[in-house]
Structure formats: structure tokens, C-alpha cells
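Notes for the structure review
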Amino acid sequence: MDSHEDHEIISRCLAGDREAFEMIVQKYQPGVLALTWSVLRNRAEAEDAAQEAFFRAFLNLDKFDSSKNFKSWLYAIAFKRCLTFLDKAKTERKNRPKIAEATIRESPLPTGERRLEDLSILAPLLGRLSAKESLALSLSVREGYAAAEIAEVLHCAESTARVFVFNAKRKLRKLLKGEAHV
Amino acid sequence: MCKIYKILYAAVPFKRWRDVLIRRHFERCPDCAGEYEIPGEIRASLEPAWIEKTPSLWIQVRRLIEMGEKSPVRRPESRSLLFRAPRWALAAIGASAILVGALSYFLFVGRPDKKAGLEASRREAPTEASPRVLVISVELKGKPAKSFIYQTPKASFIWITPSKEIGG
């Protein structure tokens, strides 16, 4: 399904065919879930944020500029939902970095060979990144987005997006090196 | 560890220049290029297996849409033009208002020191022993008339002239 088909579905939705939106949900669900998960690091919250993102997108379909990329527009909405979730949970998450750190320290890695294969170890490390860094990394690595496309989702300059990706990768490398020495 | 990109990011003011310089730097700097690569394991961690196994969210999304249709989402009222303006525009408006206010003050009201000087000279004036003239009555052709007193700037004398007869 290319962008032309996206626009066709959007036109159908705008004409009142609500069920047509299901195709959009099915097509972009993995991408939106990966995005929300990369920012929120919590499956339940990631699913909730993804649902809300699709819902908001449906409500605002009439505002979508057809000259732009629908996926980037949808991802921008999903990111905004994630930020809302983060704001709401801010007070609850005050101790989260400490917990994450404690979890890492409590589970020392026996060998350097194991460290990268175990994704449960990487997850808390990814949690050390800022929301924008996580998103930029996810879009860059998973979606293969260029800096300009990431900038479109984040509503920032291309160089800013590039620096977010670079900082995220650098931080992860640093954290992984640190973990190898535990 | 290369910090050039951080310097470029912080120091280059123009977005386009910054974009180009940072892109070039990442392309050419061997230190940064090495860090720009990412291990495959991290790549895998960005898409955990549960994502593909998650059932379609369409049912939940449709429920939200139906709920929204029953009780329409109240959208916040659109903000006035003033508050929709970007922050830099508001800052520019504020700064220019202050500038205009200051300029107006100096142009039309006068500088505080100058004003204070004038006030002082006015206050000092009565203390000087300047001659005073009191015109009690003016007659023109034997009849009372109005009088006008003139003094040209820096002149040491005054002119007193009758203008016309009162009631004439």
C-alpha cells in the first residue's frame, strides 16, 4: 500500500466510510507500536498511546495536508500522545531512573558474550535516552528514516534530528561499554 | 571523543548552514562515523517480538471513534492571533514596544537631566532681580484702551503699545 492508496483511504474516510480506516490501522500498527514503545518503554502504555494516536489521526484526517507523508504525520501524532503519557506519569515515574539503574546493577552480566544477545538488558539502557532521542533512534534504525524525515516528525531542524540520533547511538555505546565492565 | 559536532550545533546560528556542516562532519569524521554505526542487537531491541504478535488495535480504535461520535470531543477554542504567534514574534513585538516607548520618552518628554535643568532654571528665575513693569492704565486719544507688551528675545527693552480703544 503506497502513499497514493493512503490518500485514497483517507478520502473514503472523509466521505464517511469509517471502516476504511481499519486498513490504515493494520498497515501502520507495527510502526506506531514500535514508536510508542521506544518512547514509553511499557507495553500497556505503548498500546494505549498507539490506540489514541490512531483515534486522534482519525479525528483530524480533514487537517492532513495531502502533499505530505501520511506516515510521518501519523508518527508525529503518536509522538505527541507519548509526550502526553509521559507528562501524566511524570510524578509516578520520578523514581523510575533509580529503579532502572538498580535493575541493571542487580543483574550483573556474567560474560561479555551474553550482554548484547539479551534484549531484556538492552531495554533499560534504551530507557536512559530522552524521549526525542529514543524516537529519533527508532525512526532511524527501524524505519530507515533520514534526518529530514525524522525532523518532520519531531518538528525540528534536520541538524537537530541528526544530533538526536547521534547522541542516542553514542549514549547506548557508552552504556553498553559500561555494562560490559560490571 | 569528537566534540566538533556539538560545537557546530551550538555555535552555528543559521539552520541551513548548521544542517550542511553537521551532515558533512558526520560523513567525514572517522570518529563520528564509527559511532554512527549501530550494533544489530540494538536494532533488534527496538522492535520487540510482541509488536508483531499484538492483535489489531482496530477494535479499540473503532470503540474510541464510536464513543467520540456519541459524545463529541470538545476541542479547545482556537487561541487568539496574539497567542498563536510564535514566541520569537511575541518577543520581537515586546522589544519593539519598549524601544518605541523609550524613544518617544526621549524625543517628546526630553531627557531627564535636561528636564531637571529646565525645572531648576525656572525655579531659580524668580530669585533674580529682574525689572518688572506694571501698566496701570493706557489711554488712546483720551479714552481707555487695551495695551500689549512686547519684548524681543535677548532685548533689554520692552514695547508697550495701545491697540484700540475699549468700546471704540
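Quick note: structure is the one above.
So, the overall build of chain A
- Helices and strands together make up the secondary structure of chain A, namely 10 helices and 0 strands.
- Secondary structure of chain A in N-to-C order comes out as α-α-α-α-α-α-α-α-α-α.
- Buried residues in chain A amount to 52% of all 182 residues.
- Taking the intrachain contacts of chain A between residues at least 6 apart in sequence as the baseline, contacts between residues at least 24 apart amount to 66%.
- Carbon and sulfur atoms form 50% of the exposed surface of chain A, whose accessible area is close to 8600 Å².

A short note on the packing of helix α3 (residues 43–59) of chain A against helix α4 (residues 70–88) of chain A
Residues and elements named next belong to chain A.
- At a closest axis distance of 8 Å, the pairing of α3 and α4 adopts a crossing angle of 130 degrees. Classified by the angle between their axes, α3 and α4 sit oblique to one another. Where α3 crosses over α4, the two elements pack in a sense that is right-handed. Contacts from Glu 45, Asp 48, Ala 49, Glu 52, Ala 53, Phe 54, Arg 56 and Ala 57 of α3 reach α4 at Trp 73, Leu 74, Ile 77, Ala 78, Arg 81, Cys 82 and Phe 85.

Looking at the nonpolar core
- Ranked by size, the top nonpolar core spans 53 residues in total, and within it A:Phe21, A:Phe54 and A:Phe70 carry the most contacts.
- Per-element accounting of this core gives the leading share, 11 residues, to helix α2 (residues 21–40) of chain A.
- Not counting the four nearest positions on each side in its chain, A:Phe21 is found in contact with A:Cys13, A:Phe54, A:Ala57, A:Phe58, A:Leu61, B:Trp58 and B:Val61.
- The next biggest cluster of nonpolar side chains, apart from the first, holds 11 residues, and it includes A:Leu126, A:Leu175, A:Leu176 and B:Leu46.

Some words on the packing of aromatic side chains
- Within the structure shown, the criterion is met by 11 aromatic pairs over all chains.
- Ring geometry for A:Phe21 versus B:Trp58: centroids 6.4 Å apart, planes at 50 degrees, classification tilted. Here A:Phe21, found in helix α2, pairs with B:Trp58, found in helix α6 (residues 58–70), and the two come from separate chains.
- Seen from their ring centres, A:Trp37 and B:Trp50 are 6.5 Å apart, and the 75 degrees between their planes marks the pair as edge-to-face. Linking A:Trp37 in helix α2 with B:Trp50 in helix α5 (residues 49–53), this pair reaches from one chain into another.
- The exposure class assigned to A:Trp37 is buried, which follows from its relative accessible area of 9%.
- Put simply, the rings of A:Tyr28, A:Phe64, A:Phe70 and A:Trp73 touch in pairs and so form one group of aromatic residues.
- In this structure, A:Arg41 is placed above the aromatic ring of A:Trp37, and the distance from its NZ or CZ to the ring centre is 4.2 Å.
- A cation over an aromatic ring shows up here: A:Lys88 above the ring of A:Phe85, its NZ or CZ 5.9 Å from the ring centre.

What about unusual backbone geometry?
Residues and elements named next belong to chain A.
- Phi is positive for Arg 41, close to 60 degrees, though the residue is something other than glycine.
- Although it is not a glycine, His 155 sits at a positive phi angle of roughly 55 degrees.
- Note on placement: His 155 falls in the loop between α9 (147–154) and α10 (158–180).
- Residue classification places His 155 among the exposed positions, given a relative accessible area of 59%.

What to know about the pattern of salt bridges
Residues and elements named next belong to chain A.
- Under the definition given, this model contains 10 salt bridges over all chains.
- Taking the shortest distance from any N to any O, the salt bridge between Lys 171 and Glu 133 comes out at 2.8 Å. Here Glu 133 lies in helix α8 (residues 131–141) and Lys 171 lies in helix α10, a separation of 38 residues in the sequence.
- Under the relative-accessibility criterion, Lys 171 is labelled partly exposed at 34%.

A word on α9(A)
Residues and elements named next belong to chain A.
- All of the buried residues in α9 are Ala 147, Ile 150, Ala 151, Val 153 and Leu 154. Down the axis of α9, the buried side of the element spans an arc of 160 degrees, and every buried residue falls inside it.
- Trailing α9 by a residue or two, His 155 shows a phi angle of about 55 degrees, which is positive.

Quick notes on α4(A)
Residue and element names in this part refer to chain A.
- For α4, spanning 19 residues, the distance from its first C-alpha to its last is 27 Å, which sits close to the expected 27 Å at 1.5 Å a residue.
- Buried residues along α4 sit against α1 (3–14), α2, α3, α8 and α9.
- Capping of α4 at its N-terminal end is provided by Asn 69; its side-chain oxygen lies 3.0 Å from the backbone amide nitrogen of Lys 71.

Comments concerning the interface of chain B and chain A
- Contact residues are listed per partner, giving 43 residues for chain B and 47 residues for chain A.
- Counting the surface lost from both chain B and chain A, the interface buries some 4400 Å², and carbon and sulfur atoms represent 67% of this.
- Per-residue buried area on chain B facing chain A is highest for B:Leu46, B:Trp50 and B:Trp58; these three make up 17% of the total on that side.
- At the boundary of chain B with chain A, the tally comes to 2 salt bridges.
- The partner of A:Arg18 in a salt bridge is B:Glu66, and the shortest N-O contact between them spans 3.4 Å.
- For the interface between chain B and chain A, the tally reads 9 residue pairs in polar contact (both at pLDDT 80 or more).

Calculation rules
- Residues numbered from 1 in each chain as written.
- Chains lettered and ligands numbered in written order.
- Predicted model: local features only at pLDDT ≥ 70, side-chain atom pairs only at ≥ 80, totals over all residues.
- Heavy atoms only, no water.
- Helix = DSSP H or I, 4+ residues; strand = E, 2+ residues; numbered from the N terminus.
- Buried < 20%, exposed > 50% of the residue type's maximum accessible area, 1.4 Å probe, protein only.
- Contact = heavy atoms within 4.5 Å.
- Areas by Shrake-Rupley, 256 points an atom, 1.4 Å probe, with all protein chains shown as cover.
- Axes fitted to C-alpha atoms, helices over the stretch in contact; angles between N-to-C directions.
- Parallel < 35°, antiparallel > 145°, perpendicular 65-115°, else oblique.
- Left-handed = near helix turned anticlockwise from the far one by under 90°.
- Core = buried A, V, L, I, M, F, W, Y, C linked by side-chain atoms within 4.5 Å.
- Phe/Tyr/Trp six-rings, centres within 6.5 Å; stacked < 30°, edge-to-face > 60°.
- Lys NZ or Arg CZ within 6 Å of the ring centre and 35° of its normal.
- Salt bridge = Lys/Arg side-chain N within 4 Å of Asp/Glu carboxyl O.
- Arc of directions from axis to C-beta.
- Expected span 1.5 Å × (residues − 1).
- Polar contact = N/O pair within 3.5 Å; in protein donor to acceptor, adjacent residues only side chain to side chain.
- Buried area = accessible area lost by both parts, 1.4 Å probe.

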